[in-house]
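Reading the structure
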Amino acid sequence: MYFLSGSVREKDGKNYISKPISTIWSDIPTNNLQNEGGVSFPSGKKPEMLLERVIAMISNSEKDIVLDSFLGSGTTAAVAAKMRRRFIGIELGEQAETHCAPRLTAVVDGDASGISSSQNWDGGGGFRFYRLGPPVFTEEGSIQPDIGFPVLAAHIWFAETGSPWSKPGKLKPFLGSHDKHGYALLYNGILGDKSASGGNVLTRKTLAAIRSAQEDFTGPMTVYGERTALSETTLKAERIEFKQTPYDVKARK
Ligand SMILES: C[S@@+](CC[C@H](N)C(=O)[O-])C[C@H]1O[C@@H](n2cnc3c(N)ncnc32)[C@H](O)[C@@H]1O
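Residues numbered from 1 in each chain as written. Predicted model: local features only at pLDDT ≥ 70, side-chain atom pairs only at ≥ 80, totals over all residues.

Let's talk about the overall build of the protein
Tallying secondary structure elements over the protein gives 6 helices and 12 strands in all. Across the 253 residues of the protein, 26% fall into the buried class. Contacts in the protein between residues far apart in sequence, at least 24 positions, make up 49% of those at least 6 positions apart. (Helix = DSSP H or I, 4+ residues; strand = E, 2+ residues; numbered from the N terminus. Buried ≥ 20, exposed ≤ 12 C-beta atoms within 10 Å, placed from the backbone. Contact = placed C-beta atoms within 7 Å.)

Some remarks on the packing of helix 1 (residues 48-58) against helix 2 (residues 75-82)
Contact geometry of helix 1 with helix 2 gives a least axis separation of 9 Å together with a crossing angle of 60°. Crossing of helix 1 over helix 2 shows right-handed handedness. On helix 2, the residues touching Glu48, Leu51, Glu52 and Ile55 of helix 1 are Thr75, Thr76, Ala78, Val79 and Ala80. Tallied by class, residues from the contact of helix 1 with helix 2 come to 5 nonpolar, 2 polar and 2 charged. (Axes fitted to C-alpha atoms, helices over the stretch in contact; angles between N-to-C directions. Left-handed = near helix turned anticlockwise from the far one by under 90°. Nonpolar A, V, L, I, M, F, W, Y, C, P; charged D, E, K, R; others polar.)

Some thoughts on the nonpolar core
Residues Ile156, Leu175, Ala184, Leu185, Leu186 and Val223 are the most contacted members of the largest nonpolar core, which totals 20 residues. When residues in this core are grouped by element, the largest group, 4 residues, is from helix 4 (residues 149-161). The contacts of valine 223, once residues within four sequence positions are left out, are Ala184, Leu186, Leu202, Ile210, Ile240 and Phe242. Counting 15 residues, the second largest nonpolar core, distinct from the first, contains Val79, Cys100, Leu104 and Val107. (Core = buried A, V, L, I, M, F, W, Y, C linked by C-beta atoms within 7 Å.)

Overview of the environment of tyrosine 130
For tyrosine 130, the location among the structural elements is in the loop between helix 3 (95-108) and helix 4. For the pair tyrosine 130 and alanine 96, spaced 34 residues apart in the sequence, the C-alpha separation amounts to 10.0 Å.

Structure (structure tokens):
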């Protein structure tokens, strides 16, 4: 049995009006929930039918985005997908990987449980799974002082390319190329030079190290570093755009 209080906004011609919602829903079965979506989530799982009713009350367009910031077993996202809505789910527990991702994969593949028959669902669509890294910036907007190379590299790569960075087995200053443009980062003694700024400054020596790591890539490149010792003429000849950490590290391009 479910109890909800409050009101719901409904469109009446051009205007929205508030209508009270029913307060007790006793017609939604709660047995055999473990069969829905193929995942078990004792005490925390809600029936797909419940979420279907809630989403139908608040959304009447397939363009709508349904957000559940406490995703749990992923019921809201699974139901939103079956109702052809776009969705965003946030979950801090490991059930994001053990429950939500497999459940949504099953939904995309045509999961037949829950509300699938009432929604004529036989699969389709897709989803992206993102893992948040540690915060890059402090509350004042500066880079976290103790941030590691892979975290900053992933952030810079995403800010520049809009795509996730694939961390290599062995870290190197050349991060990779995207759309025929290369990206490199000199930071945190990545070249083994632990002196105050030695490995973090773009010099002939550090550029040679970047070049040796970039394998067959020959295109133009953006290099992030503490400063550059190369002249404008050299940078131009080498087709390098230099960006200074931390000042040029932006939240998004
Ligand atoms: C009862 S479940 C939610 C059920 C889900 N909304 C559904 O439709 O089935 C609550 C979830 O919120 C998660 N959670 C709690 N605090 C959180 C936070 N700050 N950020 C993200 N998830 C959080 C918990 O790990 C738990 O899995």
